[in-house]
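Architecture and fold: a report
Listed here are the chains, written in short residue letters.
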Amino acid sequence: MASTITTPAAADDRVSTRSVGARLLSRPEIGSLVGAVAILLFFAIAAAPFRDINNVGTILYGAALIGVMAVPVSLLMVGGEFDLSAGVAVTTAGLTAGIFAYQFSVNVWLAMFVSLALALLIGAFNGWLLMKTGLPSFLVTLGTFFILQGLNIAVTRLTSGAVASNSISDMDGFSSAHAVFASQFKLGGITVKIIIVWWIVFVAIAAWFLLKTRIGNWIFAVGGDAAAARAVGVPVKRVKIGLFMAVGFFAWFTGMHLLFAQNGVVQSGEGVGKEFLYIIAAVVGGCLLTGGYGSVVGGAVGALIFGMVQLGVVYAGWNPDWFKAFLGVMLLLATIVNLVVKKKAEAR
């Protein structure tokens, strides 16, 4: 009786499972996590104050100041756009609330809502102009950057006669707003600023939103290929305008912290250059400059790296001038590593 030999069917690539290593490499934040651990160990060895548990709150606070804004900037970069006005928009929000409350003698909360409306309007304007003209977001938001920077200084001088807004620390609503935006509490031996808690909450919500919702899928789609996304029914215009408005909301929130953490006073020249720190945190965290790929959690890790290095350099007793050089090196290395990791993950 003749025997037959059956050959096993070839595995279908569509149902094949990836290894744990391949799945890890496919995560945008993996490179930043490795970098964060390396920096933590380095400064723990090089700087004795870095190992002091009482300084943890200070490090996290430095990270949160960048990290809150890194949340919407990461989302925007996944969507394929930049916002160079984000840094000065924070100052605009703080100044608007402070000046409005002082000049019109209204409750601080009312002034804050006026500031929120303006922040959202600025974001909507950036998104609308981008979609209306087809200009690169770099140019659109660079124009907004200069407009806001000039208005911040000019309006502040006009209303207060100085380069800082008048203090609103004795006005109605200040104490309750301070509790929400700039209070602190003790956790063990660590002083925790409330903005650290808000940062963690925002990262968790934004990460879920990006990875688990339909709009999150739309953000990836418009960042990868806006024309293709539009062809399959994705509302590209609404998504991009919404992302710029998200930047506006977080700029308002950070501006409120700035206002209340500084006893109701905001310096009109603050915020210039901060937009690059937000972008660096997002890029270090795995966001590609070309869009369509990135992570909110990675942006948070990038901000944490910023906080550790900023204070680690001081704690180690080094010249702080080296910090800016480190930022440039970190940005270049992160960009290269992100591209390499993404290509290797796609090849597996």
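Scope of this entry: the structure provided in the associated data block. This is a predicted model, so every value here is computed, not measured.

**Overview of the side chain of serine 268**
Turning to its location among the elements, serine 268 is positioned in the loop between α11 (236-261) and α12 (274-284). Taking the relative accessible area as the measure of exposure, serine 268 reaches 4% and is therefore buried. Polar side-chain contacts of serine 268 include one of 2.7 Å to the backbone oxygen of valine 163.

**Describing empty space enclosed by the protein**
Counting across every chain of the model gives 2 cavities of 30 Å³ or more. Of the volumes computed, that of the largest cavity is approximately 90 Å³. In terms of lining, the largest cavity is formed by 15 residues, of which the most central are Ala89, Ala119, Ile122, Gly248 and Ala251. Within the residue set of the lining of the largest cavity, elements represented by two or more residues are α4 (86-104), α5 (108-133) and α11. Here the lining of the largest cavity gets 6 residues from one element, more than from any other, and that element is α5. Tallied by class, the residues present in the lining of the largest cavity amount to 8 nonpolar, 6 polar and 1 charged. Approximately 40 Å³ is the volume found for the second largest cavity.

**Observations regarding the packing of aromatic side chains**
What the rule picks out here adds up to 19 aromatic pairs. Ring geometry for tryptophan 109 against phenylalanine 181: centres 6.4 Å apart, planes inclined by 45°, an arrangement best described as tilted. Taken as a pair, tryptophan 109 in helix α5 and phenylalanine 181 in helix α7 (residues 174-181) lie far apart in primary sequence, 72 residues in all. With relative accessibility at 3%, the residue phenylalanine 181 sits in the buried group. Geometrically, the ring pair formed by phenylalanine 181 and tryptophan 252 is edge-to-face, given 5.7 Å between the ring centres and 85° between the ring planes.

**Observations concerning the layout of surface pockets**
Here the largest pocket is characterised by a volume of approximately 430 Å³. Residue assignment for the lining of the largest pocket shows that the elements contributing at least two residues are α3 (56-78), α4, α11, α12, α13 (296-315) and α14 (322-347). Tallied by class, the residues present in the lining of the largest pocket amount to 14 nonpolar, 10 polar and 3 charged. Reported here for the second largest pocket is a volume of approximately 330 Å³. Every residue lining the second largest pocket is counted, 17 residues in all, and those nearest its centre are Leu75, Phe209, Gly242, Leu243 and Ala246. It is α11 that contributes the most residues to the lining of the second largest pocket, 7 residues altogether. Of the residues assigned to the lining of the second largest pocket, the class counts are 15 nonpolar, 1 polar and 1 charged.

**Some thoughts on a nonpolar patch on the surface**
A grouping of Phe185, Leu187, Val197, Val201 and Ile205 is seen on the molecular surface, where their side chains present a nonpolar patch of about 410 Å² in accessible area. The residue valine 197 is located in helix α8 (residues 194-212) in this model. Residue valine 197 is classed as partly exposed on the basis of its relative accessible area of 32%.

**Looking at unusual backbone geometry**
Look at serine 105: it is not a glycine, yet its phi comes out positive at around 50°. The residue serine 105 is located in the loop between α4 and α5 in this model. Positioned with a positive phi, asparagine 263 is a non-glycine residue whose angle comes to about 60°. Along the chain, the position of asparagine 263 falls in the loop between α11 and α12.

Calculation criteria
- Residues numbered from 1 in each chain as written.
- Predicted model: local features only at pLDDT ≥ 70, side-chain atom pairs only at ≥ 80, totals over all residues.
- Heavy atoms only, no water.
- Helix = DSSP H or I, 4+ residues; strand = E, 2+ residues; numbered from the N terminus.
- Buried < 20%, exposed > 50% of the residue type's maximum accessible area, 1.4 Å probe, protein only.
- Polar contact = N/O pair within 3.5 Å; in protein donor to acceptor, adjacent residues only side chain to side chain.
- 1 Å grid on protein atoms, 1.4 Å probe; cavity = no way out; pocket = protein on both sides within 12 Å on 5 of 7 lines; lining within 4 Å.
- Points joined across faces, edges and corners; volume = space filled by probe spheres on them.
- Nonpolar A, V, L, I, M, F, W, Y, C, P; charged D, E, K, R; others polar.
- Phe/Tyr/Trp six-rings, centres within 6.5 Å; stacked < 30°, edge-to-face > 60°.
- Patch = residues over 30% accessible without salt bridge, like charges linked within 9 Å, V, L, I, M, F, W, Y side chains within 5 Å.
- Areas by Shrake-Rupley, 256 points an atom, 1.4 Å probe, with all protein chains shown as cover.
- Salt bridge = Lys/Arg side-chain N within 4 Å of Asp/Glu carboxyl O.

Read these as layout, nothing more, since geometry by itself doesn't imply function.
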